[in-house]
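# Architecture at a glance
Chain by chain, the residues run as shown.
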Amino acid sequence: MKCAVILLLTSSCFTWSSAIYTPNRAASKKLKHLLEPPVYPEVAGRRGDNVTLPCILRSKPSHYKIKWTKLQPEHVGPENIIMISNAHAFKPYGHLGQRASLRKAHTMDASIQLSHLELEDGGTYRCELVNGIEDESVDITLRIEGVVFPYQSKNGRYRFTFREAKEACAEQDGILATYSQLYRAWTEGLDWCNAGWLLDGTVHYPILHPRPVCGGELLPGIRSYGPKDKNHDKFDAFCFTSQNSGSVFYIPGSFSFEQAVHACQRMGAELALVGHLYAAWRFRNYDQCDGGWLRDGSVRFPISNPRERCGGIPEAGVRSFGFPNKTTHLYGAYCYR
Ligand SMILES: *[C@@H]1O[C@H](CO)[C@@H](O)[C@H](O)[C@H]1NC(C)=O
Ligand SMILES: *[C@@H]1O[C@H](CO)[C@@H](O)[C@H](O)[C@H]1NC(C)=O
């Protein structure tokens, strides 16, 4: 009642009340100016790629601005704005703004181009038409094509707090995976019986072949521990990485860790990171039936064509020998250049 009275007197109450109903409005009202549903609900690209997130006008109000924001999963800056543009000016914001431009393929095109995609760019984006009367928006998901890999500390199982898990992924050329990345990896064959942190602070593990020691005989799926105490609880990590600009190669030998370091250096390269090896396996079908040292001191090998004499596991994957004593002279070297 009070509001209705004010509403007659001032338009600010009107603005205020319409803001409250935004979710309903988005769900129920047909958009007048923006093409909906968007041209594609999801756009995918690998790290380093350039992509276009489509946003097309059906009709133009006389005055308007286009505002692009990133909604998920993490905050990119004040109000998560990437750019605001009107007929005359284009203003970029934050680190995403530096890599953003408007496509402007035609006069009704408000699509945004993002160049040199980074792992963190995945998520939901919003294209908003702001005309001061009735703002409209459409949401588009950008999916970074990549690979999820479980990562365990060299000190053993369940040694990472949330922050340590984040750092461990970064050290292996990755970031903590999101739930949707883990879910997709599970559909693509990831079965892992150790729980790991995800980007949102929850802890999960993916099971394709249910077994008593891995959460019992439930149906296959993602087992969840829910949100955990980021400062005190300790688990492994699920990391996510994508294509990179280098290449991975193997040097055969019976090296200690130090010798493997030098073997790569002689080739103008460095020992590869775990993320490098997974990316080579995922994007180049890298297959090498020999254990080799990696920079973190672990020994692994990538298998794309599973066969009896290579670990004997029927699924493709990157196999691990854990973290052997660095003085053992048994393994080759995986280098990255
Ligand atoms: C991506 O866009 C940048 C300019 O923003 C350009 O220099 C680069 O060559 C493009 N890369 C690809 C792979 O198209
Ligand atoms: C590694 O092996 C060497 C030689 O056998 C031994 O002296 C050393 O203590 C071992 N290191 C660890 C951490 O087990």
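Residues numbered from 1 in each chain as written. Chains lettered and ligands numbered in written order. Predicted model: local features only at pLDDT ≥ 70, side-chain atom pairs only at ≥ 80, totals over all residues.

As recorded by an unreviewed UniProt entry, the protein carries the name Hyaluronan and proteoglycan link protein 2 and is attributed to Amphiprion ocellaris. Note on the protein: under the UniProt heading Sequence similarities (unreviewed entry), the record states "Belongs to the HAPLN family." A UniProt comment under Subcellular location (unreviewed entry) is attached to the protein, and it reads "Secreted, Extracellular space, Extracellular matrix". (UniProt positions renumbered as here; feature names shortened; annotations may be inferred.)

Turning our attention to the overall build of the protein. When helices and strands are tallied, the protein shows eight helices and 21 strands. When each of the 337 residues of the protein is scored for burial, the buried share is 33%. Counting only contacts in the protein whose residues sit at least 6 apart along the sequence, the fraction spanning at least 24 positions is 59%. (Helix = DSSP H or I, 4+ residues; strand = E, 2+ residues; numbered from the N terminus. Buried ≥ 20, exposed ≤ 12 C-beta atoms within 10 Å, placed from the backbone. Contact = placed C-beta atoms within 7 Å.)

Attention shifts here to helix H6 (residues 179–187). Along H6, the positions that sit buried rather than exposed are Gln181, Leu182, Ala185 and Trp186. Down the axis, H6 shows its buried residues gathered within 140° of arc, on one side only. Looking at the buried positions of H6, the neighbouring elements they touch are strand S10 (146–151), strand S13 (202–207), strand S14 (221–227) and strand S15 (236–242). Positive phi appears at Gly189, one or two residues downstream of H6, with a value of about 120°. (Arc of directions from axis to C-beta.)

In this section: the pairing of strand S19 (residues 299–303). Of all the five residues making up S19, four are buried; the element is thus mostly covered by neighbouring parts of the structure. In terms of strand pairing, strand S18 (residues 292–293) meets S19 through two bridges, oriented antiparallel. By the bridge assignment for S19, Gly292 is matched with Arg300. Taken together, S18 and the strand that follows it, S19, pair antiparallel across an intervening segment of five residues, in which Gly297 is found at a positive phi of about 90°. Direction of pairing for S19 relative to strand S20 (residues 317–320): antiparallel, over a ladder of four bridges. Across the sheet, the residue bridging to Phe301 is Arg319, located in S20. (Pairing = 2+ DSSP bridges.)

Below, the discussion takes up the sheet that holds strand S7 (residues 112–114). Read across the open sheet, the three strands follow the order S2-S7-S6; overall the sheet is antiparallel. Since the sheet does not close on itself, it has two edges, and those belong to strand S2 (51–53) and strand S6 (100–102), each with one partner. Geometrically, the sheet is characterised by an average inter-axis angle of 30° between neighbouring strands, direction not taken into account. Sheet topology places S2 next to S7; three bridges connect them, and they run antiparallel. Opposite Val51, over in S7, you have Leu114 as the bridge partner. (Axes fitted to C-alpha atoms, helices over the stretch in contact; angles between N-to-C directions.)

Glancing now at the environment of Glu315. Mapped onto the fold, Glu315 is located in the loop between S19 and S20. The exposure class assigned to Glu315 is exposed, which follows from the 12 C-beta atoms found within 10 Å. For the pair Glu315 and Ile303, spaced twelve residues apart in sequence, the C-alpha separation works out to 8.4 Å.

Okay, the nonpolar core next. Ranked by size, the top nonpolar core spans 74 residues in total, and within it Leu176, Trp197, Ala237, Cys239 and Trp293 carry the most contacts. Ignoring anything within four residues of it in the chain, the contact list for Trp197 reads Phe160, Phe162, Ala165, Leu176, Val203, Phe235, Ala237 and Phe238. (Core = buried A, V, L, I, M, F, W, Y, C linked by C-beta atoms within 7 Å.)

Here the residue pair Glu36 and Pro37 is connected by a cis peptide bond, since its omega of -5° sits within 30 degrees of zero. With respect to the helices, strands and loops of the structure, Pro37 is situated in the loop between helix H3 (22–28) and strand S1 (42–45). Even without glycine at this site, Asn285 takes up a positive phi of about 50°. Inspection of the secondary structure puts Asn285 in the loop between helix H8 (274–284) and S18.

A separate point is the sheet that holds strand S8 (residues 123–130). Spatially, S1-S9-S8-S3-S4-S5 is the arrangement adopted by the six strands of the open sheet, whose pairing is mixed. The sheet is open, and its two edges are formed by S1 and strand S5 (90–92), each paired on a single side. Across this sheet, the average inter-strand angle for adjacent strands is 20°, counted without regard to direction.

What follows concerns helix H7 (residues 257–266). Buried within H7 we find Phe257, Ala260, Ala263 and Cys264. Take H7 and look down its axis: the buried residues cluster within an arc of 115°, on one side only. Exposed and facing more than 90 degrees away from the buried side of H7 are Glu258, His262 and Arg266. Where H7 is buried, its residues meet strand S16 (248–255), strand S17 (270–271), S18 and strand S21 (331–336). Gly268, located one to two residues past H7, shows a positive phi value of around 70°.

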